[in-house]
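# Residue-level structure breakdown
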Amino acid sequence: MANPQQPWQHAPLRAKVLFLAGVFFLFSSIGFIGDILAMGKEPWARLILTVALSGGFAILYAVAGFRLRGRAWVAMVPIFLLQFLFTGLIANRFPSQAAPRQMGPAEISALDYRLGIDGFGVIVVMVGGYVCFLYFAITEGRRHFRVQAEMELAAEIHKGLVPP
């Protein structure tokens, strides 16, 4: 019988993948938001890497939390240091572009385009995360209630067959 204290170990692989995809999508939005805060001055490579690493490290934190539970800090501290290191390396390798003093029509148009992509990116990853979490909750909820119904039926049958 599954240990109710450790549902992650007994969840189907598909449910785990869906949940972690939701985590990835939700936290990858940090990369887009960072570019918005930088007013679209991050190079494309830095934006893509930041989006991917934000989501990827969130998955590592989630897996460490599920696997290690109360001792998750043992993994969280090195993961945080690694994330800090990678973020710094990316910032040094792909520095932000200098902001022009006064923007002309071409720069304003480029900024509008870039911030539009960032906003659309945030919407897409947030909706993607929500869909994954919703699907995970529905499928795992159905599975849970199906098992509960089977256990109640088995208890009723047992009660009817075995004398008190």
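Residues numbered from 1 in each chain as written. Predicted model: local features only at pLDDT ≥ 70, side-chain atom pairs only at ≥ 80, totals over all residues. Heavy atoms only, no water.

Along its length, the chain carries five helices and zero strands. Mapped from its N terminus to its C terminus, the chain presents α and β elements in the order α-α-α-α-α. Relative to the 2.2 N^0.38 estimate, which gives 15 Å for 164 residues, the radius of gyration of the chain is 23 Å and therefore markedly larger than a compact globule would have. Seen through its C-alpha atoms, the chain measures out along the principal axes to roughly 90 × 35 × 20 Å. Restricting to contacts in the chain with at least 6 residues of sequence separation, those with at least 24 account for 75%. Of the roughly 11400 Å² that the chain leaves accessible, carbon and sulfur atoms contribute 71%. (Helix = DSSP H or I, 4+ residues; strand = E, 2+ residues; numbered from the N terminus. Rg over C-alpha atoms; globule rule 2.2 N^0.38 Å. Contact = heavy atoms within 4.5 Å. Areas by Shrake-Rupley, 256 points an atom, 1.4 Å probe, with all protein chains shown as cover.)

Before going further, it helps to examine the nonpolar core. Listed in full, the 10 residues of the largest apolar core are W8, A15, L18, F19, L20, V23, A58, A62, C132 and F136. Those elements that provide at least two residues to this core are α2 (13–37), α3 (44–68) and α5 (105–161). At five residues, α2 tops the list of elements feeding residues into this core. (Core = buried A, V, L, I, M, F, W, Y, C linked by side-chain atoms within 4.5 Å. Buried < 20%, exposed > 50% of the residue type's maximum accessible area, 1.4 Å probe, protein only.)

Remark: the centre distance and the inter-plane angle together describe each pair of aromatic rings, the angle taken between the planes. Here the structure, examined in full by the defined rule, presents six aromatic pairs. Here the aromatic rings of F57 and F86 are separated by 6.1 Å at their centres, their planes lie at 50°, and the arrangement is tilted. Here F57, found in helix α3, pairs with F86, found in helix α4 (residues 73–93); they are 29 residues apart in sequence, far enough to count as distant. Among the residues examined, F57 registers a relative accessible area of 5% and is labelled buried. In this structure F86 comes out as partly exposed when scored by relative accessible area, which is 35%. Counting every residue linked through ring pairs, the aromatic cluster contains F19, F66, F133 and F136. The cationic tip of R93 hangs over the ring face of F94; the distance from NZ or CZ to the ring centre is 5.1 Å. The ring of W44 is capped by R114, whose NZ or CZ atom sits 4.2 Å from the centre of that ring. (Phe/Tyr/Trp six-rings, centres within 6.5 Å; stacked < 30°, edge-to-face > 60°. Lys NZ or Arg CZ within 6 Å of the ring centre and 35° of its normal.)

So, on to the packing of α2 against α5. Between α2 and α5, whose axes approach to 8 Å, the crossing angle comes to 160°. The angle between α2 and α5 places the two elements in the roughly antiparallel class. Of the two elements, α2 crosses α5, and the hand of that crossing is left-handed. The class makeup of the residues in the contact of α2 with α5 is 18 nonpolar, seven polar and five charged. (Axes fitted to C-alpha atoms, helices over the stretch in contact; angles between N-to-C directions. Parallel < 35°, antiparallel > 145°, perpendicular 65-115°, else oblique. Left-handed = near helix turned anticlockwise from the far one by under 90°. Nonpolar A, V, L, I, M, F, W, Y, C, P; charged D, E, K, R; others polar.)

What follows deals with α5. Taking 1.5 Å as the rise per residue, α5 with 57 residues should run 84 Å; its terminal C-alpha atoms sit 83 Å apart, in good agreement. Close packing links the buried residues of α5 with α2 and α3. (Expected span 1.5 Å × (residues − 1).)

Bringing the packing of α2 against α3 into the picture now. At a minimum axis distance of 7 Å, the contact between α2 and α3 shows a crossing angle of 140°. Taken together, the axis directions place α2 and α3 in an arrangement best described as oblique. For the pair α2 and α3, the crossing hand works out as right-handed. Facing α2, whose interface residues are F19, L20, V23, F24, F27, S28, I30, G31, F32 and D35, α3 presents L47, T50, V51, A52, S54, G55, G56, A58, I59, A62, V63 and F66. The class makeup of the residues in the contact of α2 with α3 is 15 nonpolar, six polar and one charged.

Next up on the list: the pattern of salt bridges. Per the counting criterion, the structure on display carries three salt bridges. Here D35 and R114 are joined by a salt bridge, their closest N and O atoms 2.8 Å apart. In this pair, D35 sits in helix α2 while R114 sits in helix α5, placing the two residues 79 residues apart along the sequence. For D35, a relative accessible area of 0% corresponds to the buried category. What makes R114 buried here is its relative accessible area of 6%. (Salt bridge = Lys/Arg side-chain N within 4 Å of Asp/Glu carboxyl O.)

So far we have only geometry, and geometry alone does not tell us how the molecule works.
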